[in-house]
Structure formats: structure tokens, C-alpha cells
Amino acid sequence: MAIPFLKLPSTPLHHPIPTPPLLPLHPYPSLLSFPLLPKPHQLHLSTTATTKDDSSLTSLLSDLQDDPLIDTDEFTTRSLSPSHHHHLPSRWPELHGEQDWSGLLDPIDPLLRSELIRYGEFSQACYDAFDFDPFSRYCGSSKYPRRKFFSSLAMDSYGYEVSRFLYATSNINLPNFFSRSRWDRTWSERANWIGYIAVSSDATTALLGRRDIVIAWRGTVTKLEWIADLMDFLRPISSVGIPCPDPSVKVESGFVDLYTDKDPSCRFCKYSAREQVLAEVKKLIDHYAVKNGEEVSISVTGHSLGSALAMLSAYDLVETGVSGGKTVCVFSFSGPRVGNRAFKERFEGLGLKALRVVNVHDTVPKVPGILFNERVPALVQRLAEGLPWSYCHVGVELALDHKNSPFLKDTGDPSCFHNLEAHLHLLDGYHGKGQRFVLASGRDPALINKACDFLKDHHMVPPYWRQDLNKGMVRSGDGRWVQPERQKMDEHPPDMYHRLMQLGLNLDH
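Residues numbered from 1 in each chain as written. Predicted model: local features only at pLDDT ≥ 70, side-chain atom pairs only at ≥ 80, totals over all residues. Heavy atoms only, no water.

An unreviewed UniProt entry annotates the protein as Phospholipase A1-Igamma1, chloroplastic-like originating from Dioscorea cayennensis subsp. rotundata. Recorded in UniProt for the protein, the comment headed Function (unreviewed entry) runs: "Acylhydrolase that catalyzes the hydrolysis of phospholipids at the sn-1 position." (UniProt positions renumbered as here; feature names shortened; annotations may be inferred.)

Here's what the structure looks like:
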């Protein structure tokens, strides 16, 4: 008989903070056969939280099972055998789209689901680490230093190390994407932190069957106003310096500007996000593939606007040859359309793979190109190809429906439909079209409400619950409450210019 997987209302959730738990995390938590009672590290609680003894928990579960407001069938899970992760070394090319995920999506392959959630969590880390607080002088940066990034997010046992942070200039026409401090004295007036590049450790590389380079891009958490800032205008991708022999290959102007613009007066943005990615990936490929002879994969992930950056950067790595012929795959979550049909054909013709996870009720994957897109008849597509607002999705789509989850309330809030944690929850319960929604790994449903109000009230999980203890304020030696100083933020490695010169890029600084 299935044991209910329940939130414990007696456990305080009022001060969740992203400090590492005392118990170690497994690098592949969704590959384990979880007991259905949440473990302490699954609850994402404050380090000041208290726990009940076993007898109290048993009593509590018994009481909740009898509660008429709670449908215990919601908490049934299907566990994945721990032995499945041993297949990763032989199956990873298939999971990265070697055969375009044929036969893996309906019903969904359990190992693919686990990998999608894992890469989605790398993308979610961009949100959890980002300082959105306008009252912080570090607003717009990462709250955690590069060398302690994953440990600060309780993800150290995932077995990756951040090799560099990524920054973009906020001088472009996407103001609703950027966060700025209200104070004059800030870490940067023109830069925002927009992601990171990480590399699998030796131990994780052995489990994966290859050295994995992850590029994770930040998107938007709940606000969707950035959609209104899109110029909804296609421009040739070669016009911004990305080499492409076909001038008909075009991408959305706002996306490619965010990726390629720079500000020589800013120490974080004197190199564009594009240059930062190309230089770092070249360095990693030279070290692991060329020097050490290792098998290497490049996995690019992002949510929302971060998904568009993931598509552009993955394409750029292959088009420029920086990827060195290594497997490049995009795991996209709730991403908009990026370019026209010629971009789709060029993207896929280069051997790039992209798997797009979407919620069918989400608005963002439907823009830009509301009128002319891949869903209109082929004749209309051909007639509209020359128009500046004719767009086309790339890759393979995995469509999910939040109305299939018994955990989620009926709401008209579009930011809930777009929420990344909600997408990961839907992945965990998805088994195939028409199949019953059943959690596969026991992933904590409370995570859905970290930055939205989407869980049904009877789960007793407050909305928007994730916050730093005392909003990051600490008490100084003289008893005053102050914002602590942070470690000096990384700028650019000293060999950056040299790497870019090796790539033949024209640098104007």
C-alpha cells in the first residue's frame, strides 16, 4: 500500500534559507528509490527548524491520512530503481537527442525524466542565487561566490564546479529583465549576472560516462512584462558577428542584442556574454578533450528568456566550431521562439539537439510570432517567410498540462503557468499522454510555492516562501543591523583576451 507523501504542517517554514543541510545530498536524487516520507534535505527548511521524533511523525501521518481535506492518492509515487543510473554511461547520447528522443517521450523514459529534472535544477539555481532585492547594493548579482555557489544552494553533491559566471550589460532594450539597486553605491551600474558555466567533477564524470560542461542561463521568475519589451523583429544573425553563410537565417533582435552587446566602460561587461561563453568553453574543451582525451558533452539549459539565450549560445558554439564536434544539446524550459524557419533549418542541420519542455497553458512559448509560426499551414509558412515577424520553434517539444496535477490550484495567474519549479513538478508526475499524474521520485511539492502561489491551500505551504534569513541583514559588532560585505566578485580570467584572439574574434578593447 502506498504511503502518503505529505507536507508536515508542524514544521516551521517561515524562514527558509539556502544554506546547505547537514545531511549529504545524492548527486542524482531523482534516480533513487525515495522513501515517500520527505527527508530533511527535501524540505528546504531553515537551519533553525526543529524535527519530530519517529513516533510523533507516525502519529501525525496517521492523523493526516484520516483528514477528509487531503486526498492521499495525490501522494502516491512510482519509484525508479537505483540501478537505472548505471545505464547513464551507455545511454547519455540517446538522452541528449541522438535519435531526436524517438520513443522516449510517450511514455516518458524514466531516466530521461530524471535528467530533465536535473538540468532544470541547474537552471533553477540561477533564480535561487540571484539577488532581486532593490534595497540591496548587490541587486542584480549572484548572492553566492563562484567557488561556493553549489554548496550555498545545497547542491554541492551534484558533483559540478562553477568555472565562471556570466554577465550581460543592462543597457539594451529589455529593462524588465534586469534588476537594479535603489542605492547609488552598488556593485555595478551597468551589469547583471545572467548565469554560469559549470563542469562535472571526476566522480560525477565517471557516473555520467563523459565530462559534462553545463551552461545555465537566467530567465525571469514570475513577471512576464519582458515580453512587451521584445522588438518582435528579426535580423540576420550574421549581422552581429555570428558567422553564418546564409543571410536568411534570422533571430529576434532583443535576444541577440542581450547575447552580443557589451560595454567597454564596465569591468563585468567589457566582454559580451557571447565572448564570455566562447572563451570559457574553448578553454574547457582544450583542457578536457584535446589535452586529456576525454569524451565531452555540452549541455545548455535555461528557462524563459534564459531558454532563448541557451538556443543562441548552443547554435553559436557549433556554428563557430568552438564545440570541436562535441555533442551539444539544449534542455529548454518554457522558452519563446528565437528565430525564423531558416534558423530552425540551420540549427538542426548543424546536428544541434534541443528538447523543449512547455506547459500548454503558458503564454511565453507562444511568442513571438503569434500570427506566423510553425503551427500554421505549410503554404502560409512559405508565404510569410520573408516577413520580419514570422518565427519558428526548433527541436522537439514535450508538452505538459498543469491541469493534470492534483496538487495545483485552479488559478488564472499566468506567472504560475510559467514558473520553473511548477514545470519540474509536472515532469515528475508525467508518465505519458492520457496517463494518470503520479509523482515518480517524491520531489517535494512545496518547492512549487517558492516563488508563486500555485499549490492547493490544504497542503499548508505558504506562497512565495523562499527568502533569506532577515532578508540578508546581519548584526554587526556594535549591535547595528547592516548588509554584510560580500566577497570580491569574479570579473574575467586573465587569459580571456588571448582565448578570443585564438578564435579570430574582432575585439575593440
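1. A short note on the overall build of the protein
What the protein contains, in helices and strands, is 14 helices and 11 strands. Counting all 509 residues of the protein, 57% fall into the buried class. Look at the contacts in the protein between residues 6 or more apart in sequence, and 75% of them connect residues 24 or more apart. In the form shown here, the protein has an accessible surface area of approximately 21200 Å², with 52% of it arising from carbon and sulfur atoms. (Helix = DSSP H or I, 4+ residues; strand = E, 2+ residues; numbered from the N terminus. Buried < 20%, exposed > 50% of the residue type's maximum accessible area, 1.4 Å probe, protein only. Contact = heavy atoms within 4.5 Å. Areas by Shrake-Rupley, 256 points an atom, 1.4 Å probe, with all protein chains shown as cover.)

2. Focus: the pairing of strand β2 (residues 191-200)
Within β2, 10 of the 10 residues are buried, which leaves the element mostly enclosed by the surrounding structure. Where β2 meets strand β3 (residues 211-217), 5 bridges bridge the pair, whose relative direction is antiparallel. When the bridges of β3 are listed, Y196 appears paired with A216. (Pairing = 2+ DSSP bridges.)

3. Brief notes about the sheet that holds strand β6 (residues 296-303)
Pairing is mixed across the open sheet formed by 7 strands, whose spatial order is β1-β2-β3-β6-β7-β8-β9. Each edge of the sheet is formed by a strand with only one pairing partner; in this case those strands are β1 (160-169) and β9 (396-400). Between one strand and the next, the sheet's axes are offset by a mean angle of 15°, whatever the strand orientation. When strand β7 (residues 327-333) meets strand β8 (residues 353-359), the two strands line up parallel, connected through 5 bridges. Residue pairing across strands places F331 opposite L355, the latter belonging to β8. (Axes fitted to C-alpha atoms, helices over the stretch in contact; angles between N-to-C directions.)

4. As for empty space enclosed by the protein
Summed over the entire model, instances satisfying the criterion amount to 4 cavities of 30 Å³ or more. Forming the walls of the largest cavity are M311, P336, R337, V338, G339, F343, R356, C392, H393 and V394. (1 Å grid on protein atoms, 1.4 Å probe; cavity = no way out; pocket = protein on both sides within 12 Å on 5 of 7 lines; lining within 4 Å. Points joined across faces, edges and corners; volume = space filled by probe spheres on them.)

5. Points about the nonpolar core
Residues F122, F149, F150, W193, Y196, L398 and L427 are the most contacted members of the largest nonpolar core, which totals 67 residues. Among the elements that take part in this core, helix α4 (residues 110-129) stands out by supplying 10 residues, more than any other. Each residue touching L427, except ones within four places of it in the same chain, is listed here: R113, L116, I117, F333, V357, L398 and L400. Among the nonpolar cores identified, the runner-up in size contains 62 residues, and V281, V300, V330 and L352 belong to it. (Core = buried A, V, L, I, M, F, W, Y, C linked by side-chain atoms within 4.5 Å.)

6. Considerations on the packing of helix α9 (residues 305-319) against helix α10 (residues 341-349)
Remark: α9 packs on α10, axes separated minimally by 10 Å, with the N-to-C direction vectors making an angle of 55°. By the criterion of interaxial angle, the relationship of α9 to α10 is oblique. The chirality of how α9 crosses α10 is left-handed. Here M311, Y315 and E319 of α9 lie close against α10, whose contacting residues are F343, R346 and F347. Of the residues assigned to the contact of α9 with α10, the class counts are 4 nonpolar, no polar and 2 charged. (Parallel < 35°, antiparallel > 145°, perpendicular 65-115°, else oblique. Left-handed = near helix turned anticlockwise from the far one by under 90°. Nonpolar A, V, L, I, M, F, W, Y, C, P; charged D, E, K, R; others polar.)

7. Observations regarding the side chain of E121
When you line up the elements, E121 lands in helix α4. Overall, the relative accessible area of 13% leaves E121 in the buried class. Within the structure, E121 has its side chain in polar contact with the side chain of Y158 (distance 2.6 Å). Setting aside its immediate chain neighbours within four residues, E121 contacts M155, Y158, L424 and R443. (Polar contact = N/O pair within 3.5 Å; in protein donor to acceptor, adjacent residues only side chain to side chain.)

8. A look at helix α13 (residues 420-429)
A large share of α13 lies buried, amounting to 10 of its 10 residues. The set of residues buried in α13 consists of L420, E421, A422, H423, L424, H425, L426, L427, D428 and G429. Next to the buried residues of α13 lie α4, β6, β7, β8, β9 and α12 (414-418). Backbone nitrogen of E421 and a side-chain oxygen of the N-cap are separated by 2.9 Å at the start of α13; the cap is N419.

9. Digging into α9
The terminal C-alpha atoms of α9, which comprises 15 residues, lie 21 Å apart, in line with the 21 Å expected from a rise of 1.5 Å per residue. Phi turns positive one or two residues past the end of α9, at G321, with a value near 85°. (Expected span 1.5 Å × (residues − 1).)

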